[in-house]
Amino acid sequence: MAGAAHAAAPACAERLLPPSPGAATGQRAITARNLIELRDFGKLSDHSRSHSFRLSPDGKFAALILRRADTGSNSYCFGVMLVPLDGRSRPRLLDSGGEFIATMTDPYGASGVPSGLPMTDAPVWSADSRSLAYLRRDRGRTRIWRVDLAGGPARPVARPASEPQDLAWSIDGRHLLFTTRPGYGAGLAEIERESRSGFLYDTRFWALAFARPTPRLPIPFETNALDLATGRVRIVTAGEADAMKGARAQGAAGAPLRARSASGTTAWAEPDPARPRGAARLLLARGGRSIRCKAPMCTGPIGGLWWLDDTTLLILRAGNAENGGRSALYRWRMEGDAEPRKVLETDDWLAHCALAGDTLICARETATSPRTLVRIDPATGHSVTLFDPNPETASWRFGKHARLVWSDRDGVRSYGDLMLPPDHKPGARHPLIIVQYLSRGFQRGGLGDEYPIQLLAARGYAVLNFHAPQESDEAAAAPDAIAAQRIKVQDWSGRRRILTALEAGVDTAIALGVVDPGRIGITGLSDGASTVQFALNNSDRFKAAIVSSCCDEPSAVFSVGPAYGGVVAQVGYPPAGEDGRAFWRAQSLAMNAHRIRVPLLMHLADAEFRMAQETFSALRAHDAPVEMYVFEDEWHTKQHPAHRLAIYERNLAWFDFWLRGVKTSDPSRGAEIARWTAMRSVNDARR
């Protein structure tokens, strides 16, 4: 399986090009392959400041990297798509091919650990809007490629010695700027030399995935300038790079969002100094003085800022748990309006927006529509679709959707997206599946895309995609992540806060009369998996569970690696070798294995399953109904299309068996059903 997801699928261009709108008619049932093989652009975890597309300097086009999974070949198609913004011309595929480029992370002192997510930054434009540059990987090496809009084939222009990223074009069009991390390669060479005498086990180890150290941090990035005429590459300083790009400072130093008008008025969003991890606040600098916007909407999740002219500011307020996940666009005329005026409010997810002339171009998703590229009129909020990568979904038979918003007994606000079966009738009560812990836009598979919401709904389930609440005020006021986490693990207050909010959401769904309260399943990845653990230990509402990562247990302090153990000790976990039973009793499944009777299925990456061995062994020793699958060549988010298909299908079969008493007729699942039947017999005998 290793490397299978990196091979280019046959007929890639044909698979990437969307069919003509209206080609499919009638209502069609959705399949697992339908969901997995949707055409996507941008990252699954996009936020409003990421570049899922880029606009040409002349304001005529958007460019993006389109990708599509192929379950049959266990591969992906990638292509450079050009989208005209006039709303009349058809999009063009300028290049297709290449392999999966993994997003790399540096967790807890280790370096170069893949996340499983694709690195799909949009192409960058030359200043004359005639050419695009982008990253493409072939035969295991990433190169910088260029394609001209006038025609001609795409071609590679450089293959740096180390992985390039963060592409930018010089203002004169003569250079391409990019960053590399050459020290990483040198670090790998040093580790290879060290292998001859044995590795010192220290903070370089990410023992969860590797039996050797990773290059020692910090590993600085270098900025390079590629001369397009000669092909020569030289290292440049950050100042030189800014000058070559024509960049200018905008807003306050370090402000995450900022915009500057032609006359120099600056708007930016920054955290309140008293609550550095809390909501941002909007400030302006004009005529030598700083102004704070005092309207309620100016304190919250600011997702974007743009000047329409010298006196008119556009403000995108992003959705979060406090505002029910609703995005809103405001228009503020400094000369006439006392405060910003709302022109659009929606449950839709505006994943990324950019200004083109006097209109906004946005990547937009609805609960029953995958990501599209749209044009939004800032005066009226009216939206027009410019590019729909998946027009065939118009004929799909989606579930019935509702956005639920609630407060728990402590006044903590959360929301969730409830999907009911397409044929739901008034008075019908369905088994409920909880998906977590971010719910935005298209209801596909939840965070990590392992729980097929539409397929579950079609199978007769109600599905609540739960969006976890904001941090407590005390945690938001903490100076850094370590201090905030120290607050959350005291009596597991952070985990209790999430579970209390989640159960309030379950109660909200039950109150609608559409849920069978005796048949509720729960799922989760990452922080969501930790919530599953806590829920199974501290609630009796859930009758079946599935996790995509696992588990937060006493053994993690030493099994993940020394650096991880050091960090969790800082936040309050008992160090290895100490008796931590009092601390762990509320969270550890292993410590509570003697009383856990909820069937638990684990779908784990081979880079993470060791963290679950204590849990699995303890549950199995106490005859708890547990099953664990390990997927080769996977990371925190699973990337292989064939694996995602297998996970979708087994998740459906698991919940059918445990919540509906239905045994699949698929003969390939016969051994699974036999094991699960034996588990149920033992479980029933022990209740």
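Residues numbered from 1 in each chain as written. Predicted model: local features only at pLDDT ≥ 70, side-chain atom pairs only at ≥ 80, totals over all residues. Heavy atoms only, no water.

1. Some details on the overall build of the protein
Spelled out, the test is: By the criteria applied, helices consist of DSSP H or I runs no shorter than four residues and strands consist of E runs no shorter than two, each listed in order from the N terminus. Only C-alpha atoms enter the radius of gyration; for comparison, a globular chain is expected to reach 2.2 Å times N to the power 0.38, where N is the number of residues. In this scheme, a residue with accessible area under 20% of its type's maximum is buried, one over 50% is exposed, and one in between is partly exposed, where area comes from a 1.4 Å probe on protein chains only. Values of accessible area rely on a 1.4 Å probe in the Shrake-Rupley scheme; residue burial ignores everything except the protein chains shown. The charge count includes Lys and Arg as positive and Asp and Glu as negative, but it does not include His or the ends of the chains. Where a charge lies is defined by one atom per residue type: Lys uses NZ, Arg uses CZ, Asp uses CG and Glu uses CD.
Along the protein, the regular secondary structure elements total 15 helices and 36 strands. Against the 2.2 N^0.38 benchmark of 26 Å for 687 residues, the protein shows a C-alpha radius of gyration of 26 Å, consistent with a compact globule. The buried share of the protein, reckoned over its 687 residues, is 56%. A total accessible area of about 28400 Å² is found for the protein, and carbon and sulfur atoms account for 50% of it. Counting 85 positive and 74 negative side-chain charges, the protein places the averaged centre of each group 2 Å from the other.

2. Focus on the sheet that holds strand 34 (residues 544-547)
Either a parallel or an antiparallel arrangement is found when strands of a sheet pair, and the pairing is made through backbone hydrogen bonds. Formally: In this analysis, strands are considered paired if DSSP registers two or more bridges between them. Think of each axis as a best-fit line through the C-alpha atoms, taken over the contacting stretch in the case of a helix, with angles from 0 to 180 degrees between the N-to-C directions. Two residues form a contact once any of their heavy atoms are found within 4.5 Å.
Here we have 8 strands laid out as an open sheet, ordered 29-30-32-31-33-34-35-36, and mixed in their pairing. Across the chains shown, the open sheet's two edge strands, defined by having one partner strand only, are strand 29 (400-407) and strand 36 (626-631). Put simply, the sheet's adjacent strands are angled 20° from each other on average, direction ignored. For strand 29 and strand 30 (residues 413-420), the ladder comprises 8 bridges, and the chain directions are antiparallel. Within the sheet, the bridge partner assigned to Arg403 lies in strand 30 and is Asp417. Seen against the sheet, helix 13 (residues 613-621) touches strand 35 (600-605) and strand 36 and runs at an angle of roughly 150° to strand 36.

3. Describing the pattern of salt bridges
One side chain can pair with another of opposite charge once the charged atoms of both are near each other. Worth spelling out the cut-off: By definition here, a salt bridge exists when the distance from a side-chain nitrogen of Lys or Arg to a carboxyl oxygen of Asp or Glu is within 4 Å.
Counted by the stated rule, this structure contains 41 salt bridges. Between Glu471 and Lys488 there is a salt bridge whose closest N-O contact spans 2.7 Å. Within this pair, whereas Glu471 is found in the loop between strand 32 (462-467) and helix 6 (473-476), its partner Lys488 is found in helix 7 (residues 481-488), the two being separated by 17 residues in sequence. Residue Lys488 is classed as partly exposed on the basis of its relative accessible area, which comes to 24%. The salt bridge involving Arg660 is made with Asp656; its shortest N-O contact spans 2.9 Å.

4. Brief notes about the packing of helix 14 (residues 641-660) against helix 15 (residues 670-686)
Our working rule: Helix crossings fall into two classes, left-handed where the near helix is turned counterclockwise from the far one by less than a right angle and right-handed where it is turned clockwise.
The N-to-C vectors of helix 14 and helix 15 enclose an angle of 35°; their axes lie 11 Å apart at closest approach. Viewed along their axes, helix 14 and helix 15 form a crossing whose handedness is right-handed. On the side of helix 14, the interface is formed by Arg650, Ala653, Trp654, Phe657 and Trp658, while helix 15 contributes Glu672, Ile673, Trp676, Thr677, Met679 and Arg680.

5. As for the nonpolar core
Put simply, the rule reads: To qualify as a nonpolar core, a set must consist of buried Ala, Val, Leu, Ile, Met, Phe, Trp, Tyr and Cys residues joined through side-chain atoms within 4.5 Å.
Leu432, Ile434, Phe542 and Met602 are the most contacted members of the largest nonpolar core, which totals 66 residues. Those residues in contact with Met602, other than ones at most four positions away along the chain, are Val547, Cys550, Ala612, Thr615, Phe616, Val626, Glu627, Met628 and Tyr629.

6. Concerning the side chain of Ser559
Looking at the element boundaries, Ser559 is found in helix 10 (residues 556-559). Sequence-distant contacts of Ser559, defined by excluding residues within four places in its chain, comprise Ala207 and Leu208.

7. A closer look at the pairing of strand 23 (residues 327-333)
Regular strands place their side chains on alternate faces of the sheet. With respect to burial, strand 23 is a largely interior element, 6 of its 7 residues being buried. Relative to strand 23, strand 22 (residues 312-317) runs antiparallel, the two being bridged by 6 bridges. When the bridges of strand 23 are listed, Arg317 appears paired with Ala328. As defined by bridge partners, strand 23 adjoins strand 24 (residues 341-346) across 5 bridges and the pair is classed as antiparallel. In the sheet register, Leu329 faces strand 24, and the bridge partner there is Leu344.

8. Some details on the sheet that holds strand 14 (residues 222-227)
Overall, antiparallel pairing links the 4 strands, which are arranged 12-13-14-15 in an open sheet. With partners counted over all chains shown, the strands left at the sheet margins are strand 12 (165-169) and strand 15 (233-236), one partner each. Sheet twist, expressed as the mean angle between neighbouring strand axes with direction ignored, is 25°. Direction of pairing for strand 14 relative to strand 15: antiparallel, over a ladder of 4 bridges. Of the residues in strand 15, the one forming a bridge with Ala225 is Arg234. This element, helix 4 (residues 238-245), spans strand 12, strand 13 (175-180), strand 14 and strand 15 of the sheet and lies at about 110° to strand 15.

9. With respect to the state of the cysteines
What counts here: Cysteine sulfur atoms are paired as a disulfide whenever they come within 2.5 Å of each other.
The full count for this structure, using the stated rule, is 3 disulfides. One disulfide bridge connects Cys353 with Cys362, the sulfur atoms lying 2.0 Å from each other. Taking the sign of the torsion about the S-S bond as the criterion, the disulfide between Cys353 and Cys362, at about 115°, is right-handed. The pair formed by Cys353 and Cys362 is uniform in burial state, with each residue classed as buried.

10. Some details on the environment of Met628
Topologically, Met628 is positioned in strand 36. With 12 residues separating them in the primary sequence, Met628 and Phe616 have C-alpha atoms 7.5 Å apart. Setting aside residues up to four positions removed in sequence, Met628 forms contacts with Met602, Leu604, Phe609, Ala612 and Phe616.

11. Remarks on helix 14
Going by this rule: Multiplying one less than the number of residues by 1.5 Å gives the expected span of a helix.
Between the first and last C-alpha of helix 14 there are 28 Å, a value that for 20 residues agrees with the 28 Å anticipated at 1.5 Å per step. For helix 14, a buried count of 16 out of 20 residues is recorded, marking the element as mostly surrounded by other parts of the structure.

12. Structural notes on the packing of aromatic side chains
Rule in force here: Centre distance within 6.5 Å is the pairing criterion for rings of Phe, Tyr and Trp, where only the six-membered ring of Trp is used; planes under 30 degrees apart are then read as stacked, over 60 as edge-to-face, and the remainder as tilted. Think of it as a cone above the ring: NZ of Lys or CZ of Arg counts as a charge over the ring if it is within 6 Å of the ring centre and within 35 degrees of the ring normal.
Enumeration according to the criterion identifies 20 aromatic pairs in this entry. Each ring, one from Trp654 and one from Trp658, has its centre 5.6 Å from the other, and the planes form 55°; the classification is tilted. Here the residue Trp654 and the residue Trp658 both occupy positions in helix 14, the gap between them amounting to 4 residues, near one helical turn. The burial state of Trp654 is the same as that of Trp658; both residues are buried. Put simply, the rings of Trp492, Tyr573, Phe583 and Trp584 pair up and form one aromatic cluster. A cation over an aromatic ring shows up here: Arg371 above the ring of Phe41, its NZ or CZ 5.9 Å from the ring centre. Taking NZ or CZ as reference, Arg650 lies 3.5 Å from the ring centre of Tyr629, over its face.

13. Here we look at the side chain of Asp348
Quick reminder of the rule: Polar contact is defined as a pair of N or O atoms within 3.5 Å, subject to the rule that within protein one atom must be able to donate a hydrogen and the other to accept it, and that residues adjacent in sequence are counted only when both atoms are side-chain atoms.
Summarising the element assignment, Asp348 is placed in the loop between strand 24 and strand 25 (349-356). When its relative accessible area of 17% is taken as the criterion, Asp348 is described as buried. Here Arg364 takes part through its side chain, which lies 3.0 Å from a polar atom of the side chain of Asp348. Residue contacts for Asp348: discarding those within four places in its chain leaves Ser327, Arg364, Glu365 and Thr366.

14. Things to note about the confidence of the model for the protein
Any region with low pLDDT has predicted coordinates that should not be read closely. How we decide: Values of pLDDT, which run from 0 to 100, indicate the predictor's confidence residue by residue.
Across the protein, pLDDT averages 93, with 95% of residues at or above 70. Predicted confidence for residues 2-10 stays below pLDDT 50, and this span has 30 contacts to residues more than four positions away or in other chains. Within the model, the stretch residues 248-255 combines pLDDT values under 50 with 15 contacts to residues more than four positions away or in other chains.

15. Let's talk about unusual backbone geometry
Residue Pro218 is reached from Leu217 by a cis peptide bond, and omega for that bond is 0°. Secondary-structure assignment places Pro218 in the loop between helix 3 (182-194) and strand 14. The step from Gln436 to Tyr437 runs through a cis peptide bond, and the omega angle for that step is 0°. Mapped onto the secondary structure, Tyr437 falls in strand 31 (residues 430-437). One non-glycine residue with positive phi stands out, namely Asn74, at about 55°. Along the chain, the position of Asn74 falls in the loop between strand 3 (61-70) and strand 4 (75-84).

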